[in-house]
Amino acid sequence: MAESSSSNPSSARPGRHWLWRGMAAAVTALLAACGSTPPSTPSGAGASSPTAVREYRQDAARHIYARNQHRIYQGKLPPMLYAIGVLEVELDRNGGVRRLHWLRAPTHAPEVVAEIERTVRAAAPFPNPTGMRGKLSYTDTWLWDKSGRFQLDTLSEGQRGE
């Protein structure tokens, strides 16, 4: 005998509520990042005291910006970007890069993949979060312009409309 369907969409597809919550959280984080601006002064690789990985991601992004000031795209990015990549960086307790793992690599632009990896490795050591034991992983989205300049989603100034 067939089960009757309910008028509640979440009961019709059990287990999907996590997908909608995750998408809502991602959109909220992206919109929040659009309002932030990159730092104007360099920061050292000193200590960091984040209470969450999200806060450490900001410290790491500022650290990369400080070491690549001439390569940061100033202002709002153009509507069409050359490449977008999502990279997970695993750090050891001293801020050294242990591992890079692409969650979404811009496979159409292998030169960008190589340059992002080189940039992250060259930025080491990263700020050492106080109280950190072992390793720390954080993820950021690289927004790459065809000029070779970039912004990180964490500190992005957003994109211009068409």
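See the structure shown above.
Residues numbered from 1 in each chain as written. Predicted model: local features only at pLDDT ≥ 70, side-chain atom pairs only at ≥ 80, totals over all residues. Heavy atoms only, no water.

**Some details on the pairing of strand E3 (residues 97-104)**
- Both strand E2 (residues 83-91) and E3 contribute to a ladder of six bridges, which runs antiparallel. Counted as the bridge partner of Glu88 is His101 from E3.
- Between E2 and E3, which pair antiparallel one after the other, the connecting turn spans five residues, and Gly95 there sits at a positive phi close to 85 degrees. (Pairing = 2+ DSSP bridges. Helix = DSSP H or I, 4+ residues; strand = E, 2+ residues; numbered from the N terminus.)

**Observations concerning the packing of aromatic side chains**
- Evaluation of the coordinates by the stated rule reveals four aromatic pairs.
- Arranged with centres 5.9 Å apart and planes meeting at 65 degrees, the rings of Tyr56 and Tyr138 form a pair that is edge-to-face. On the criterion of sequence distance, the pair formed by Tyr56 in helix H3 (residues 53-67) and Tyr138 in strand E5 (residues 136-144) is long-range, its members being 82 residues apart. Across the pair, exposure class does not vary: Tyr56 and Tyr138 are buried alike.
- Summarising the aromatic geometry, the rings of Phe126 and Tyr138 are spaced 6.4 Å apart at their centres and angled 55 degrees between planes, so their arrangement reads as tilted. Placement of the pair is Phe126 in the loop between helix H4 (110-123) and strand E4 (128-129) and Tyr138 in strand E5, with a sequence separation of twelve residues. Here Phe126 matches Tyr138 in class, with each residue buried.
- Joined through ring pairs, the aromatic side chains of Tyr56, Phe126 and Tyr138 make up one cluster. (Phe/Tyr/Trp six-rings, centres within 6.5 Å; stacked < 30°, edge-to-face > 60°. Buried < 20%, exposed > 50% of the residue type's maximum accessible area, 1.4 Å probe, protein only.)

**Focus on the pairing of E2**
- In terms of residue burial, E2 counts as a mostly covered element, since eight of its nine residues are buried.
- In the sheet, E2 pairs with E5 via nine bridges, with the strands oriented antiparallel. Looking at E5, one finds that Val89 is bridged to Tyr138.

**Things to note about the environment of Arg54**
- Considering the arrangement of structural elements, one finds Arg54 in helix H3.
- Taking relative accessible area as the criterion, Arg54 reaches 61% and is therefore assigned exposed.
- With 85 residues separating them in the primary sequence, Arg54 and Thr139 have C-alpha atoms 8.8 Å apart.

**Here we look at the pattern of salt bridges**
- Taken as a whole, this structure holds six salt bridges when the rule is applied.
- Across the salt bridge formed by Asp59 and Arg62, the nearest N and O atoms sit 3.5 Å from each other. A residue pair is termed a helical-turn pair when its members lie 3 or 4 positions apart in one helix, as Asp59 and Arg62 do in helix H3 at three residues.
- Salt-bridge contacts for Arg98 lead to Glu90; the nearest nitrogen and oxygen are separated by 3.2 Å.
- A relative accessible area of 7% means that Glu90 is categorised as buried.
- Taken together, the shared-partner salt bridges connect Glu88, Glu90, Arg98 and Arg99 into one network. (Salt bridge = Lys/Arg side-chain N within 4 Å of Asp/Glu carboxyl O.)

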